[in-house]
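For reference, the chains in residue letters:
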There are 2 protein chains.
Amino acid sequence: MNDECTPVLNTGLRGIDVASSKICDVRGKEGKLIYRGYRIEDLAENATFEEVCFLLLYERLPGKQELADFDVRLKQKRRLPENLVPLLKSLPKKMNPMDVLQIAAPMLIQTDGNAGKENMEHVLYSAENLIAGLSTIIAAWDRIRKFQAPVMPDNTLGHAANFLYMLTNEPPKAEVAQFFDAGLVMHAEHSFNASTFTARQVASTKAHIYAAISAAIGSLSGPLHGGANVRVMQMLMEIKSQENIAPYIDNILDSGGLIMGLGHAVYQTDDPRALILAPMSRRMGEIAGDTRWYDLSRELEIKAKEAFKKRKDRDIFCNVDFYSASLFYAMGISMDLFSPIFALSRVSGWCAHVIEEQFATAAPKPSLYRPGAAYVGEYCGPDECRFANIEERE
Amino acid sequence: MNDECTPVLNTGLRGIDVASSKICDVRGKEGKLIYRGYRIEDLAENATFEEVCFLLLYERLPGKQELADFDVRLKQKRRLPENLVPLLKSLPKKMNPMDVLQIAAPMLIQTDGNAGKENMEHVLYSAENLIAGLSTIIAAWDRIRKFQAPVMPDNTLGHAANFLYMLTNEPPKAEVAQFFDAGLVMHAEHSFNASTFTARQVASTKAHIYAAISAAIGSLSGPLHGGANVRVMQMLMEIKSQENIAPYIDNILDSGGLIMGLGHAVYQTDDPRALILAPMSRRMGEIAGDTRWYDLSRELEIKAKEAFKKRKDRDIFCNVDFYSASLFYAMGISMDLFSPIFALSRVSGWCAHVIEEQFATAAPKPSLYRPGAAYVGEYCGPDECRFANIEERE
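Residues numbered from 1 in each chain as written. Chains lettered and ligands numbered in written order. Predicted model: local features only at pLDDT ≥ 70, side-chain atom pairs only at ≥ 80, totals over all residues. Heavy atoms only, no water.

**Quick notes on the layout of surface pockets**
Residue and element names in this part refer to chain B.
Reasoning step 1: Here the second largest pocket defines a volume of roughly 1000 Å³.
Reasoning step 2: Where the lining of the second largest pocket is concerned, the elements lending two or more residues are helix H11 (228-239), helix H14 (292-312), helix H15 (320-330) and helix H16 (338-359).
Reasoning step 3: Its residues assigned to classes, the lining of the second largest pocket shows 18 nonpolar, nine polar and nine charged.
Reasoning step 4: Residues from two domains meet in the lining of the second largest pocket; each of domain 1 (18-225 + 336-359) and domain 2 (228-329) gives at least three. (1 Å grid on protein atoms, 1.4 Å probe; cavity = no way out; pocket = protein on both sides within 12 Å on 5 of 7 lines; lining within 4 Å. Points joined across faces, edges and corners; volume = space filled by probe spheres on them. Helix = DSSP H or I, 4+ residues; strand = E, 2+ residues; numbered from the N terminus. Nonpolar A, V, L, I, M, F, W, Y, C, P; charged D, E, K, R; others polar. Domains from an automatic or database assignment.)

Written as structure tokens, this is what we have:
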């Protein structure tokens, strides 16, 4: 690169395209989210999470037999390695589930004799192993920490329903499972977010997919990345009731703060996922017999939009976290499982990116991420610091 | 950024400065490696690994009392959480030690009640916990996989000597411990290599240091990053004896291949670490009663330099891996521990970078790494693909 085009330092690479990808297109201006050519609206309404996993991993929607085979393979991989439940039982019950996931996810390599082989077929096997396994780990941990026995997977149930079953030991209502499934579909992929970039960066060293996915889990655990819908829910609980909405908004706008779940780095209009999640959250509230959090969210959305228009002369839109908070909450899911559920879904996108990073054939092919850094540390003299032995140090 | 200055895609960010850092300066043309202002030659000769850890973490060399206190803290953190050895015992004996480390490292969070708190003092505590703990994990695993009982740390010994003691159950000779210590010093830091970038990237999400270091371990496990000195050793074993050197070099040069351990992405002259490691490797061979691998390395270096000059009209230089291979091998260390030992040392640099990423106060401050990607996937029509239900798919 010539000097004039050296990028600005310390920008977090914002707005800089670091790769080409065929997986996902986020068209922020139009409010469109596209997985492998398909709009998220079509996928959320018509495709199961398993179909979306297949789409992301195999680059096209499956045929009937392909999906049936894929489904069998995922189900075979739901069982955990024998030493994993004892490990989970040995961990402190108060441990953050994302930390548990980071410890446990790479243990899935034990049931994968092919890990580390540089062959796309093997890596696809591993990807399926991770997609299936993460779900069982999260559910098992949630039960173990509550001093309940883990529930074995039910192979008559699909991925979403089985996860809810393993969590509660009861088969979920069809509509609830369907909403959860759509939630997984909508969180599966979103181009180069921080955790996906981490996964690709690790994969670019030719490390195996378990290493890449474990790293991505670590990245997702950061409050600037995952956990936004937890903070939406905490905000709703803080606001508590309708009459507090207006003062809450005023207070936030006065102090220059943010309203959680509103605004997005990329979307300049409605996040298409929020538009799908809102009615689901309402209906889920009805099923649970408590629409309070949905109602509060809806009123907050309306009032915040008015306030932003009036006081800041600009539009503001809900992002994916705004209604997923009340949706998952109404399902009875612990708030500290919201990020692990994000991982349970996004692992499909991460795996697709790892595969693209390691097997993309079209030029320009991905290469090891190895950036530079500008040294701004001080030297102690005209050249380097003089090393003084410890006896001589001041 | 304006369009003319959009960086080239898929370069792996090579040559692009993505941040400012005060930690390490790699001056490739001059063959200088500088930690916080100090030359690697001075540090390798005069400073212990503990002093270098202090320098990297606390931004200056310690005074006598500071070093003594630091030493006590590290020793207190050598003990592993109670459930860690049972976990290691439950893992398949043939598991790759880097995979073991990726599972076990985040378990150290259990002995750290402050993890996740956004306070520099807490993060420094965690960094010390990781530096101390990784060493014990690696040694314990090496013994457990050989059906030997793990050896408890000996707090009369320094970091390097204690590691070798925990590995063998025998206190190492002073000279051997000193060489190993210098080896740790020389691998501690090297600016924005792939694993360090991974650690910083995860840290930029405000994830805690255990998440960042676990991710870095995953990144280091990739053959394009860690493991180069293993491949040097494998090459030496393939060459076997002096008379095979010339044909080996000819063969590599004919086929356009690489000679492992020669050449470096940044250094355009001698890697300063290789110049220090070469005599150590020779002496270590003498101590072990077998200088064969050093002799072979030395002859290979001389002949390869001649061959590159003659056939390619260019100079070629040893990098850090060239003589560290025969050095560690002569110490009797298993080859698949070379990368874990790299981690055992580099964890100090990773931690310094995590702290800089999260606490740097000078502008421009680091921000979340969230790059973009160019979507190059195909749409199926003028707009998005038409979603066909599974029954209708061809």
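**Examining the side chain of A:Glu301**
Residue and element names in this part refer to chain A.
Reasoning step 1: In this structure, Glu-301 sits in helix H14 (residues 292-312).
Reasoning step 2: Here the side chain of Glu-301 touches Tyr-323 through a polar contact of 2.6 Å, side chain to side chain.
Reasoning step 3: Excluding residues within four positions of it along the chain, Glu-301 makes contact with Cys-318, Phe-322 and Tyr-323. (Polar contact = N/O pair within 3.5 Å; in protein donor to acceptor, adjacent residues only side chain to side chain. Contact = heavy atoms within 4.5 Å.)

**With respect to the pattern of salt bridges**
All names here are of chain A.
Reasoning step 1: The tally for this structure, following the rule as stated, stands at 58 salt bridges over all chains.
Reasoning step 2: Glu-357 is paired through a salt bridge with Arg-200; the nearest N and O atoms lie 2.7 Å apart. Within this pair, whereas Glu-357 is found in helix H16 (residues 338-359), its partner Arg-200 is found in helix H9 (residues 194-203), the two being separated by 157 residues in sequence. The same class applies to Glu-357 and to Arg-200, which are both buried. (Salt bridge = Lys/Arg side-chain N within 4 Å of Asp/Glu carboxyl O. Buried < 20%, exposed > 50% of the residue type's maximum accessible area, 1.4 Å probe, protein only.)

**Topic: H14(B)**
Residue and element names in this part refer to chain B.
Reasoning step 1: With 21 residues, H14 extends 29 Å from end C-alpha to end C-alpha; this agrees with the ideal 30 Å at 1.5 Å per step.
Reasoning step 2: All buried positions along H14 are accounted for by Trp-293, Tyr-294, Leu-296, Ser-297, Leu-300, Glu-301, Ala-304, Ala-307 and Phe-308. Down the axis of H14, the sector holding all buried residues measures 155 degrees, keeping them to one side. In H14, the exposed positions angled more than 90 degrees off the buried face are occupied by Glu-306 and Lys-310. (Expected span 1.5 Å × (residues − 1). Arc of directions from axis to C-beta.)

**Brief notes about the sheet that holds strand S2 (residues 24-27) of chain B**
Reasoning step 1: Read across the sheet, three strands follow the order S2-S3-S4 (chain B) without closing on themselves; strand pairing throughout is antiparallel. Sheet topology places S2 and strand S4 (38-39) of chain B at the edges, where each strand pairs with a single neighbour. (Pairing = 2+ DSSP bridges.)

**A look at the pairing of strand S3 (residues 32-35) of chain A**
Each regular strand shows side chains that alternate between the opposite faces of the sheet.
Residues and elements named next belong to chain A.
Reasoning step 1: Burial along S3 is two-sided: the face carrying Lys-32 and Ile-34 and the face carrying Leu-33 and Tyr-35 are both buried.
Reasoning step 2: The pairing of strand S2 (residues 24-27) with S3 spans four bridges and is classified as antiparallel. Paired with Arg-27 across the bridge in S3 is Lys-32.
Reasoning step 3: Hairpin geometry of S2 and S3 is characterised by an intervening segment of four residues between the two adjacent antiparallel strands and by a positive phi of about 70 degrees at Gly-31.
Reasoning step 4: In terms of strand pairing, S3 meets strand S4 (residues 38-39) through two bridges, oriented antiparallel. If you follow Tyr-35 over to S4, its bridge partner there is Tyr-38.
Reasoning step 5: The hairpin turn running from S3 into S4, its antiparallel successor, is two residues long, and Arg-36 in that turn takes a positive phi close to 45 degrees.

**Observations regarding the relation of the copies chain B and chain A**
Reasoning step 1: Between the two copies, chain B and chain A, the superposition gives an RMSD of 0.0 Å; the rotation angle is 180 degrees and the shift along the axis is 0.0 Å. The transformation relating the two chain copies, once decomposed into turn and shift, fits a two-fold axis. No C-alpha of chain B approaches the rotation axis more nearly than that of B:Ala215, which lies at 2.0 Å.
Reasoning step 2: Both copies present the same face, since 100% of the interface residues in chain B are matched by interface residues at the equivalent positions in chain A. (Least-squares fit on C-alpha atoms with pLDDT ≥ 70 in both.)

**Looking at the packing of aromatic side chains**
Reasoning step 1: Following the criterion strictly, the structure yields 27 aromatic pairs over all chains and no others.
Reasoning step 2: Considering the side-chain rings of A:Phe163 and A:Phe180, the 5.5 Å spacing of their centres and the 10 degrees angle between planes classify their relative orientation as stacked. Taken together, the residues A:Phe163 in helix H7 (residues 159-168) and A:Phe180 in helix H8 (residues 174-187) connect sequence positions 17 residues apart.
Reasoning step 3: Residue classification places A:Phe163 among the buried positions, given a relative accessible area of 0%.
Reasoning step 4: Residue classification places A:Phe180 among the buried residues on the basis of a relative accessible area of 0%.
Reasoning step 5: Residues A:Phe322 and A:Tyr323 carry aromatic rings whose centres are separated by 5.0 Å and whose planes lie at 85 degrees to one another, so their mutual orientation is edge-to-face.
Reasoning step 6: Ring pairs connect the aromatic residues A:Phe192, A:Phe197, A:Tyr369, B:Phe192, B:Phe197 and B:Tyr369, which therefore count as one cluster.
Reasoning step 7: Over the face of the ring belonging to A:Tyr125 we find A:Lys77, whose NZ or CZ atom lies 4.0 Å from the ring centre. (Phe/Tyr/Trp six-rings, centres within 6.5 Å; stacked < 30°, edge-to-face > 60°. Lys NZ or Arg CZ within 6 Å of the ring centre and 35° of its normal.)

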